Amino acid sequence: MKVYLCAISNISSGTCAEDCAFCTQSAKYGADIERYRYKPIENIVKEAKRAKAAKAVGFCLVTAGKGVEAKTLDFVCEAAKAVKKEVGDISLIGCNGTAGVEELKEMKKAGIENYNHNLETSKSFYKNICTTHTWQERYQTCLNVKEAGLNLCTGGIFGMGESETQREELLKEIASLEPMSVPINFFHPNPALPIKKSPLSKEEALNIVQRAKELLPNSMIMVAGGRELVFGEDWPALLEAGANSIVIGDYLTTKGEEPSKDLAILEKLGYEIAQNCHE
Ligand code: SF4
């Protein structure tokens, strides 16, 4: 089986006015994280080069904030063009919040091929995790991504207090969008956040991945945040359960595993590492 590796870069961190209860980047909760408006372009390019050297086929440009205002759109496009020029063959993913079709088309022109916008949780649980913007707005951005001709990556975060029925609801809502890729995150507790939940058990996490694969047989199932937290070194069990993609390196505000360590495990187990995002 082929495994797709993806890396993320937090190019604008921790300056968000929204109140998503799972997110340390909300300025409201004062979590102890690094905060900066715009990461220097040369640093973004360096990270993309490192990601490519670590066999990542995708590189995600993430900005904190509800949506892409004009200045952020210009910055994301500038970063995308610089990475394309300096690094070349790595598939770029925009992840910049609520976006309209025109803004998404601008990103596409700058070399971004995919857009990540998570539904985060089911429609029925959403009011428990966010009051400053709606679930419908999130769903609409996902539709806009498709209309703009970009590949859609949409998933969510599990373990925030939602019921099993609501997990199923979320996976079906994701499936209704027929995304290319489904990022699955396991909630990472932080003392500053209002959600007070322990990490999911391995069994619960494996059930989620297995069900995602059943409902989305044609999508890439990507395990993102919380992989190390929930599984430690046992994370390859996620691949057996149906995942075929992982995020390597650091996450937005938490440390990840050294990519070389993940690669060594994959190679030892005989997994083939994908050479590009769409093969
Ligand atoms: S809109 Fe995005 S960056 Fe802002 S609090 Fe919500 S998840 Fe975090």
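Below or above, wherever it landed, is the structure these notes cover. (Residues numbered from 1 in each chain as written. Predicted model: local features only at pLDDT ≥ 70, side-chain atom pairs only at ≥ 80, totals over all residues. Heavy atoms only, no water.)

Turning our eyes to something else, we now look at the pattern of salt bridges. Taken as a whole and assessed by the stated rule, the structure comprises 18 salt bridges. Here Lys261 and Glu257 are joined by a salt bridge, their closest N and O atoms 3.7 Å apart. For Lys261, a relative accessible area of 38% corresponds to the partly exposed category. Take Glu257: its relative accessible area is 25%, and that puts it in the partly exposed class. Here the salt bridges do not stand alone but share partners, grouping Glu168, Lys172, Arg211 and Glu214 into one network. (Salt bridge = Lys/Arg side-chain N within 4 Å of Asp/Glu carboxyl O. Buried < 20%, exposed > 50% of the residue type's maximum accessible area, 1.4 Å probe, protein only.)

Okay, the nonpolar core next. In this structure, Ile44, Phe59, Val83, Ile184, Phe186, Val209 and Leu266 are the most contacted members of the largest nonpolar core, which totals 81 residues. The element contributing the most residues to this core is helix α2 (residues 70-87), with 9 residues. Not counting residues up to four positions away in its chain, the partners in contact with Phe186 are Ile157, Phe158, Leu200, Ala205, Val209, Val223, Gly225, Gly226, Arg227, Val230, Phe231 and Leu238. (Core = buried A, V, L, I, M, F, W, Y, C linked by side-chain atoms within 4.5 Å. Helix = DSSP H or I, 4+ residues; strand = E, 2+ residues; numbered from the N terminus. Contact = heavy atoms within 4.5 Å.)

All residues in the neighbourhood of the ligand are listed as Cys16, Glu18, Cys20, Phe22, Cys23, Ser26, Ala64, Gly65 and His133. Split by residue class, the shell around the ligand holds 5 nonpolar, 3 polar and 1 charged. (Near = heavy atom within 4 Å. Nonpolar A, V, L, I, M, F, W, Y, C, P; charged D, E, K, R; others polar.)

Turning next to the packing of aromatic side chains. Across all of its chains, the model carries 3 aromatic pairs by this definition. Between Tyr38 and Phe75, the ring centres sit 4.3 Å apart and the planes meet at 40°, which makes this aromatic pair tilted. Of the two residues, Tyr38 sits in the loop between β1 (2-12) and α1 (41-53) while Phe75 sits in helix α2, which places them 37 residues apart along the sequence. Taking the relative accessible area as the measure of exposure, Phe75 reaches 8% and is therefore buried. (Phe/Tyr/Trp six-rings, centres within 6.5 Å; stacked < 30°, edge-to-face > 60°.)

Further remarks concern the side chain of Asn96. As for its position among the elements, Asn96 is in the loop between β3 (91-95) and α3 (101-109). Looking at Asn96, its side chain comes within polar contact range of the side chain of Thr63, at 3.0 Å. With sequence-adjacent residues up to four places away left out, Asn96 is seen in contact with Leu61, Val62, Thr63, Lys66, Gly67, Val68, Val76, Met107 and Tyr115. (Polar contact = N/O pair within 3.5 Å; in protein donor to acceptor, adjacent residues only side chain to side chain.)

With that out of the way, let us pick up unusual backbone geometry. Note: most residues except glycine have negative phi, and most peptide bonds are trans. The phi dihedral of Lys55 falls on the positive side, at around 75°, and the residue is not glycine. Positionally, Lys55 belongs in the loop between α1 and β2 (58-63).

Moving residue by residue along a regular strand, the side chains alternate between the two faces of the sheet. Every second residue of strand β8 (residues 220-223) is oriented toward a common face, with Met220 and Met222 on one face and Ile221 and Val223 on the other, all of them buried. Pairing of strand β7 (residues 181-186) with β8 involves 4 bridges; the strand directions are parallel. Residue pairing for β8: Ser181 is matched across the bridge by Met220. On the question of chirality, the crossover connecting β7 to the parallel β8 by way of helix α6 (residues 202-215) is right-handed. Pairing of β8 with strand β9 (residues 245-248), which is carried by 2 bridges, proceeds in the parallel orientation. Its bridge partner being in β9, Met222 is matched across the sheet by Ser245. (Pairing = 2+ DSSP bridges. Right-handed = clockwise from strand over helix to strand, strands pointing away.)

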